[in-house]
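# Descriptive analysis of the structure
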Amino acid sequence: MSLSYEQIVELASSGLMAAGIGEKAAFETAQFLALAELDGLASHGLARVSQYAGHAKNSRIELAPKIKVRPFKSSAALVDACDGLAFLALRFATDLSVNLASKTGVGLVAVTNSHHFGVAGHYAEAAARAGYISLLFGNTPAAMPMVGGSKAMFGTNPLAAAFPIEGRDPLVIDMSLSAVARGKLLVAAKKGESIPEGWALTADGKPTTDPQEGLKGLMVPLGGDKGALLALIVELLVVGLSGSRFSYEADSFFDAKGNRPRIGQLLLTIDPGLSGGSVFASRMHDFLRALSADAGTRIPGERRFKQRASGFKNGVNVSEVVVQEIQAGIRQSWSNS
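No experiment lies behind these values; they were computed from the predicted model shown.

## A few points about the sheet that holds strand 11 (residues 207-208)
Strands sit in the order 11-10-12 across an open sheet of three strands; the sheet is antiparallel. Strands with a single pairing partner mark the edges of an open sheet, and in this sheet they are strand 11 and strand 12 (218-219). Two elements, strand 10 (residues 200-201) and strand 11, share two bridges in a ladder whose sense is antiparallel. Opposite Ala-200, over in strand 11, you have Thr-208 as the bridge partner.

This is the structure in structure tokens:
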């Protein structure tokens, strides 16, 4: 089924509002979910609507949050997402970090009492398009064990980095610290498909190709022990500076019932003018020329932007199963009203 960006936004926002989520929160969230679909990241697109709706119906989120800000010194601030869907808070925090960096050279913004925040690269990309270097870290409900352990202690803990390139799309690096994003298991489960071995483990630590068992169990860290240690670094940075919950204190996103996750994110935005004038831009172009000399090299983010441009022009294929699931939720809301 092919849908345009506008149709995806309409469907997603309608599905969220049907669950009681406020119009502003629903619309801004829907915009990010639609962008994920266009970017080819279905695991962070429409598949999340029913998940967020389930959280809304079970009081795991605030339906119409009012974001709060606490400035700290001249270049840092804490944003309280107030238990709402994270997209409003992250968009606000990104703009705030850019504003701080424009004044002091560096903008550090932590987000607390937050929720699932979608594609990390979208926020870093926005800061890079404004001309700034951007780093974003986030923790998630526990899904991976510590090195040598068998109990989920920290999440897949995504991170993103974006670098502005004069006259071109920015270079965007975006990844979770598990072998794959956990949302890919969600998509596979909805479609009734299996997953490759090496993505996830069952609750008792055995390899599995069943996405349902993987969602109940553990994710395999990216690169083994090194991925787990990188996830630990993200965990300590985010929680230490935001005051949010540790991953093991937050109930799974994949359960409709549970506590309010109250996890956190951390944005670091940097003015690239430290070395003076256009030095950063010049050095970036030198690096890109060197990369282009190696045939077959792909610039991080390049494929995503190409897919996005095509999606805006021609629409994008979305899962009929997911669309039907959202429409069923909307119909149920109508029948209950």
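## Observations concerning the pattern of salt bridges
According to the stated counting rule, one finds 14 salt bridges in the structure shown. Because the salt bridges share partners, they merge into one network encompassing Asp-39, Glu-125, Arg-129, Asp-169 and Arg-308.

## Considerations on the packing of aromatic side chains
Applying the stated criterion to the full structure yields six aromatic pairs. Linked through ring pairs, Phe-32, Tyr-52, Phe-87, Phe-117 and Tyr-123 together constitute an aromatic cluster. One cation-aromatic arrangement involves Arg-129 over Phe-305; the distance from NZ or CZ to the ring centre is 5.0 Å.

## Structural notes on the pairing of strand 8 (residues 159-165)
The element strand 8 is largely enclosed, with a buried count of six among its seven residues. Across six bridges, strand 8 lies against strand 9 (residues 168-175) in antiparallel orientation. Looking at strand 9, one finds that Ala-162 is bridged to Val-172. As consecutive antiparallel partners, strand 8 and strand 9 are separated by two residues, and within that stretch Gly-167 has a phi angle of approximately 80°, a positive value.

## Quick notes on the nonpolar core
If you look at the biggest cluster of nonpolar residues, it comprises 56 residues, and the most contacted ones within it are Ile-8, Ile-21, Leu-46, Leu-90 and Val-111. A per-element tally of this core places helix 4 (residues 86-104) first, with eight residues. Excluding its chain neighbours within four sequence positions, the residues that come into contact with Leu-46 are Ile-8, Leu-11, Ala-12, Glu-37, Val-318, Val-322, Val-323 and Ile-326. Core analysis: the next-biggest nonpolar cluster, separate from the first, contains 20 residues, Ala-143, Ala-188, Leu-215 and Ala-231 among them.

## Quick word on the packing of helix 1 (residues 5-18) against helix 2 (residues 23-38)
One can describe the packing of helix 1 onto helix 2 by two numbers: an axis separation of 8 Å at closest approach and a directional angle of 135°. Comparing their axes, helix 2 and helix 1 come out oblique. Relative to helix 2, helix 1 is oriented so that their crossing is right-handed. Taking contact as the criterion, the partners of Tyr-5, Ile-8, Val-9, Ala-12, Ser-13, Leu-16 and Met-17 in helix 1 are, on helix 2, Glu-23, Ala-26, Phe-27, Thr-29, Ala-30, Gln-31, Leu-33, Ala-34, Leu-35, Glu-37 and Leu-38. When grouped by side-chain class, the residues that make up the contact of helix 1 with helix 2 number 13 nonpolar, three polar and two charged.

## As for the environment of Ala-200
Within the element layout of this structure, Ala-200 appears in strand 10. Sequence spacing of Ala-200 and Arg-331 is 131 residues, and the spatial spacing of their C-alpha atoms is 35 Å. If we skip the residues at most four places from it in the chain, Ala-200 touches Leu-185, Ile-195, Lys-206, Pro-207, Thr-208, Gly-214, Leu-218, Met-219 and Val-220.

## Thoughts on the sheet that holds strand 4 (residues 106-114)
In space, the seven strands of this open sheet follow the order 2-3-4-13-5-8-9, with mixed pairing throughout. Strands at the two margins of the open sheet, each flanked by one partner only, are strand 2 (68-72) and strand 9. Here the average twist between neighbouring strands, direction ignored, is 15°. Sheet topology note: the strand 4/strand 13 (residues 263-270) ladder contains seven bridges and is antiparallel. The residue of strand 13 that forms the bridge with Gly-107 is Thr-269.

## Topic: the environment of Leu-229
Note that Leu-229 resides in helix 8 (residues 225-242). When the C-alpha atoms of Leu-229 and Leu-177 are compared, they prove to be 9.3 Å apart, with 52 residues separating the residues in sequence. Those residues in contact with Leu-229 that sit more than four places away from it in its chain are Met-146 and Val-147.

## So, a nonpolar patch on the surface
On the surface, Met-146, Val-147, Met-153, Leu-229 and Tyr-248 cluster together into a nonpolar patch covering about 410 Å² of accessible area. Along the chain, the position of Met-146 falls in the loop between strand 6 (144-145) and strand 7 (152-154). The exposure class of Met-146 is partly exposed, given its relative accessible area of 32%.

How each quantity is defined
- Residues numbered from 1 in each chain as written.
- Predicted model: local features only at pLDDT ≥ 70, side-chain atom pairs only at ≥ 80, totals over all residues.
- Heavy atoms only, no water.
- Pairing = 2+ DSSP bridges.
- Helix = DSSP H or I, 4+ residues; strand = E, 2+ residues; numbered from the N terminus.
- Salt bridge = Lys/Arg side-chain N within 4 Å of Asp/Glu carboxyl O.
- Phe/Tyr/Trp six-rings, centres within 6.5 Å; stacked < 30°, edge-to-face > 60°.
- Lys NZ or Arg CZ within 6 Å of the ring centre and 35° of its normal.
- Buried < 20%, exposed > 50% of the residue type's maximum accessible area, 1.4 Å probe, protein only.
- Core = buried A, V, L, I, M, F, W, Y, C linked by side-chain atoms within 4.5 Å.
- Contact = heavy atoms within 4.5 Å.
- Axes fitted to C-alpha atoms, helices over the stretch in contact; angles between N-to-C directions.
- Parallel < 35°, antiparallel > 145°, perpendicular 65-115°, else oblique.
- Left-handed = near helix turned anticlockwise from the far one by under 90°.
- Nonpolar A, V, L, I, M, F, W, Y, C, P; charged D, E, K, R; others polar.
- Patch = residues over 30% accessible without salt bridge, like charges linked within 9 Å, V, L, I, M, F, W, Y side chains within 5 Å.
- Areas by Shrake-Rupley, 256 points an atom, 1.4 Å probe, with all protein chains shown as cover.

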